[in-house]
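Structural overview
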There are 2 protein chains.
Amino acid sequence: MNVLHDTSKASATLDRLLELVVLLGEDMTQSLAREGLTTSRAHVLWVLHHEGPATQRVLADALRVTPRNITGLVDGLVATGFVTRERHPTDRRATLVSLTERAAASMGQMHSSHRELAELLFGDMPARRFSAFATGLDHVTDRMREGLRAAQAGR
Amino acid sequence: MNVLHDTSKASATLDRLLELVVLLGEDMTQSLAREGLTTSRAHVLWVLHHEGPATQRVLADALRVTPRNITGLVDGLVATGFVTRERHPTDRRATLVSLTERAAASMGQMHSSHRELAELLFGDMPARRFSAFATGLDHVTDRMREGLRAAQAGR
DNA sequence: TATTGTTATACTCTATAACTATA
DNA sequence: TATAGTTATAGAGTATAACAATA
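Source: prediction; values computed, not measured. (Residues numbered from 1 in each chain as written. Chains lettered and ligands numbered in written order. Predicted model: local features only at pLDDT ≥ 70, side-chain atom pairs only at ≥ 80, totals over all residues. Heavy atoms only, no water.)

Examining the pairing of strand E3 (residues 95–99) of chain B
All names here are of chain B. Inspection of the sheet shows strand E1 (residues 54–55) paired to E3 by two bridges, in the antiparallel sense. Looking across to E3, one finds that Ala54 is bridged to Val97. Where strand E2 (residues 83–87) and E3 come together, five bridges link them in antiparallel fashion. Along E3, the bridge assignment pairs Arg85 with Val97. (Pairing = 2+ DSSP bridges. Helix = DSSP H or I, 4+ residues; strand = E, 2+ residues; numbered from the N terminus.)

Focus: the relation of the copies chain A and chain B
Expressed as a screw operation, the relation of chain A to chain B combines 0.1 Å of axial shift with a rotation of 180°, fitting to an RMSD of 0.2 Å. Taken together, the rotation and translation relating the two chain copies correspond to the operation of a two-fold axis. Across chain A, the rotation axis passes nearest the C-alpha of Phe133 of chain A, at a separation of 2.3 Å. Mapped onto chain B, 100% of the interface residues of chain A are again interface residues, and the two copies thus contact each other with one and the same surface. (Least-squares fit on C-alpha atoms with pLDDT ≥ 70 in both. Contact = heavy atoms within 4.5 Å.)

Let's talk about the sheet that holds strand E2 (residues 83–87) of chain A
Residue and element names in this part refer to chain A. Strand order in the open sheet formed by three strands is E1-E3-E2, and the pairing between neighbours is antiparallel. Among the strands making up the open sheet, the edge pair consists of strand E1 (54–55) and E2. Helix-sheet contacts for helix H4 (residues 67–79) involve E2 and strand E3 (95–99), and the interaxial angle to E2 is about 115°. (Axes fitted to C-alpha atoms, helices over the stretch in contact; angles between N-to-C directions.)

What to know about the domain arrangement of chain A
Assigned domains within chain A: domain 1 (40–123) and domain 2 (125–155). Of note, the centres of domain 1 of chain A and domain 2 of chain A, computed from C-alpha atoms alone, are 28 Å apart. (Domains from an automatic or database assignment.)

Here's the deal with the sheet that holds E3 of chain B
With antiparallel pairing, the three strands of this open sheet are ordered in space as E1-E3-E2 (chain B). One side of each edge strand has no neighbouring strand; the edge strands of this open sheet are E1 and E2 of chain B.

Focus: the protein's contact with DNA strand D
With respect to spatial proximity, 21 residues lie near DNA strand D, and among them Thr38 and Arg92 of chain A together with Arg57, Thr71 and Arg93 of chain B are the closest. A share of 75% is what sugar and phosphate atoms reach among the atoms of DNA strand D within 4 Å of the protein. One of the side-chain N or O atoms of Arg68 of chain B is found 3.4 Å from a base oxygen in DNA strand D. Secondary-structure elements contributing two or more residues to the surface near DNA strand D are helix H2 (39–51) and H4 of chain A together with helix H3 (56–63) and helix H4 (67–79) of chain B. With three residues, H4 of chain A is the largest single contributor of residues to the surface near DNA strand D. Its residues assigned to classes, the surface near DNA strand D comprises three nonpolar, nine polar and nine charged. (Near = heavy atom within 4 Å. Polar contact = N/O pair within 3.5 Å; in protein donor to acceptor, adjacent residues only side chain to side chain. Nonpolar A, V, L, I, M, F, W, Y, C, P; charged D, E, K, R; others polar.)

This is the structure we're talking about:
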C-alpha cells in the first residue's frame, strides 16, 4: 500500500514534469522564431558561439547528425545571414563556418531571454524552496542521464 | 550584489532544467521509435485513447494542427496498423478514426514505460526531498503557464 | 586509401490554397 | 453557404548512398 501510494505520486509528478517540458519547448520555439531561427539552426549557432569557427565535420559530430544534414542547416543559415562559409586555411577539402554580426546580436538577445525566463520561473521563489527544488532537479537529472546511458549501452 | 547572486543561480538552474528537457525528449523519442511511432503520431493515439473514436476535424483541433496534417498522420498510422478509418454513421463527409488492438497494446507499453521512468527518477528520493521538488515544480510550471499566456496575449 | 562536403533520393512534419463531396 | 477531408505545392529536418576533390 505504501509502495502503491508512492508510485502514483511519482507518476503524477512525472506528468507535471512532462507538461513543463512541453511548455518550455513551446516558449523556446516561439522565441527562436521571433529571431528567424529554428531549434536545429540555433543549435548550430550555439556550437559556433562556444567553439568558435568550425568545419562542417565538427558541427556534424557536435550535433550528432549526418554531414548532409549540416550542409542543409548551414545553407539556411547562410541564406538568412547568420553565418558565412570560408575556405579552410590549410585543408582545401574543408570549409570554415563562422558567425556573422547578426548572429552575435541574436545570441545576445537569446542570453537576455534566458535571464528573463530564469527570473520569471524562480524570481519570486523563497530561497529555501528554490534550493530544495535545485537539489531535487540535480537528483532527477542524474538519474535520467544514467538511465539514458544504460539504454544506449543495452542496444 | 544579493540580486546578482540570485540571478546567476537562477540562470544555472534554468540551464539544468533545459538539459533535463533535452534528456527527457531523447528518452521519449527513443521509446516511441521502439514502438514504431513518432511523437506526432503518438499524440494522435493519445487523443484517441482519451476521447475514443474521433473525426479528423476533432483531431486537428486537439493537436492544433491543420486538417491536411492530420490526413498525413492518419495515413501513416493506418499504414503501420495503429488506427482504422471508418465511415461516420451520420455525416457522410466525415471519417471516424479508431484505435486498433496493436495501438491498445502500444498504449499499455507506454504506460509501463511511464511508470518505470517515474520509478527511475523518483524511486530512491527521500520522501521529504521528493515533496520539496514537487512543490517547486508546481511553482515553476505555474509561472511558465502564466508567461506563455502573457506572451500569447501580447502578440 | 581515408576524409570533406556535395548531389541524388526519400521519409516525416508542417503550412496554405484550391477543390470535391456532403450538410 | 459552410464544413470534412482531399489533392497540389512548398519548406524544414532527417537519413542513406554514391561521388568529387583533396589529404
